[in-house]
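What follows is each chain in one-letter form.
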Amino acid sequence: MGRIFCIIDGMTDPEFSLTEYPNMAGMKVWGYVDTCHGAPPESLGCILRLLGVRNVPPYLRGYAEALGAGIAVEPQDLVLRGSWFSLDAAGRCTSPMEAPQDIPQLPGCRYYPLEQYKSLLVFPGLASKIQSLTTYPPYLCHGQAADALCPKGLPEVEKVFALLQSEKRCLIPWGQSVSSAFPAFPEKARVVCGTGTVRGIAKLLKMEIVTVAGATGDVDTDLKAKTEAALTEAGECPFVLLHINGADEAAHRKNPREKKEFLQKIDSTVIPRLLSSEYGVYVIADHGTDPETGRHLDMRQIMLCKE
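Described in the following lines is the structure provided in the data block. (Residues numbered from 1 in each chain as written. Predicted model: local features only at pLDDT ≥ 70, side-chain atom pairs only at ≥ 80, totals over all residues. Heavy atoms only, no water.)

A few words on the pairing of strand E10 (residues 239-244). Counting buried residues in E10 gives six out of six residues, a clear majority hidden from the surface. Of the two faces of E10, both are covered, the one formed by Phe239, Leu241 and His243 as well as the one formed by Val240, Leu242 and Ile244. Pairing of strand E1 (residues 3-8) with E10 involves six bridges; the strand directions are parallel. Residue pairing in the sheet places Ile8 in a bridge with Ile244 of E10. Pairing geometry for strand E8 (residues 189-192) and E10, over four bridges, is parallel. (Buried < 20%, exposed > 50% of the residue type's maximum accessible area, 1.4 Å probe, protein only. Helix = DSSP H or I, 4+ residues; strand = E, 2+ residues; numbered from the N terminus. Pairing = 2+ DSSP bridges.)

Below you can see the structure in the form of structure tokens.
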């Protein structure tokens, strides 16, 4: 019988309570899981650990994003994820903003806009210098001065940071990485998702990606379509990963109401349909995200399963 592993990205926070989500509250509490293992609370590492990867390489995020977006990366390339932020009058990062599609040509760097506020920077030939670089992940950037978030250690990256900064916006490069290889997931598996990071995880682990019309990485995603796709795939495949990302994005926007309403929609739309199926169902968050600060949280995650 197939199993559906549903990850609700950024679900928990200090105010999260299962009592507000009756369908999840009716599930069996399997236990609490440390998804970080001392590493920063970010989706790539947390999800890989939930999928059984014991040793997550420290330099992986940008490469996973490139895989998810179908962007070719050579072994000698240095790859960084970029997150666009709007700036207030004091030059502090306020909220994520849409990645611009066209920017001036950058010296020694290729720029790729991704979905929402995300982008990718590829520096050909700089892979060997990766350990010289210090960057600052976006979940630590809210309220921080952009100038203080300039990457340090590689002049080529520092120059690109300066060129992309203006009075109203900046690009925070982080997640420096190089190409990497992983063993395949130990059983046939399919992935239903709307985010590039999770598509990248699927490609890293040789899992099949299921394309669903209307699936996005935010609260506008088609939850019914994603749920039905997961159920269909579970009839043919022993393991299905269903990833839902909108709660994390609402929290990054520092919007507690939007986050709670989206979680309630998941509880009323997704969870009952999964529980009424014949398949094994597991629900967990990869990490917490605090809608008051917009930051990821390192906290043990509750694992729910079907009775």
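Once the structure has been displayed, the description carries forward.
Our focus in this paragraph is the pattern of salt bridges. Per the stated rule, a full pass over the model turns up 17 salt bridges. Put simply, Asp13 and Lys259 hold a salt bridge, and the shortest N to O gap is 2.8 Å. Placement of Asp13 in the loop between E1 and helix H1 (22-25) and of Lys259 in helix H8 (residues 256-269) is noted, with a sequence separation of 246 residues between them. When sorted by exposure, Asp13 lands in the same class as Lys259, which is buried. With its nearest N and O atoms 3.6 Å apart, the salt bridge here joins Glu115 to Lys118. (Salt bridge = Lys/Arg side-chain N within 4 Å of Asp/Glu carboxyl O.)

A few words on the packing of aromatic side chains. If you walk through the whole model with that rule in mind, you get four aromatic pairs. Their ring planes at 35° and their centres at 6.0 Å tell us that Phe5 and Phe239 sit as a pair that is tilted. You can see Phe5 sitting in strand E1 and its partner Phe239 sitting in strand E10, a full 234 residues away along the chain. Of the two residues, Phe5 and Phe239, both sit in the buried class. (Phe/Tyr/Trp six-rings, centres within 6.5 Å; stacked < 30°, edge-to-face > 60°.)

Once that is clear, we can look at the sheet that holds strand E11 (residues 280-284). Spatially, seven strands are ordered E2-E14-E11-E1-E10-E8-E9 in an open sheet, and the strand pairing comes out mixed. The open sheet has two edge strands with one neighbour each: strand E2 (28-33) and strand E9 (208-210). With direction set aside, neighbouring strand axes in the sheet form an average angle of 20°. Each of E1, E2, E10 and E11 is contacted by helix H2 (residues 43-50), which is oriented at about 155° to E1, the strand it contacts most. (Axes fitted to C-alpha atoms, helices over the stretch in contact; angles between N-to-C directions. Contact = heavy atoms within 4.5 Å.)

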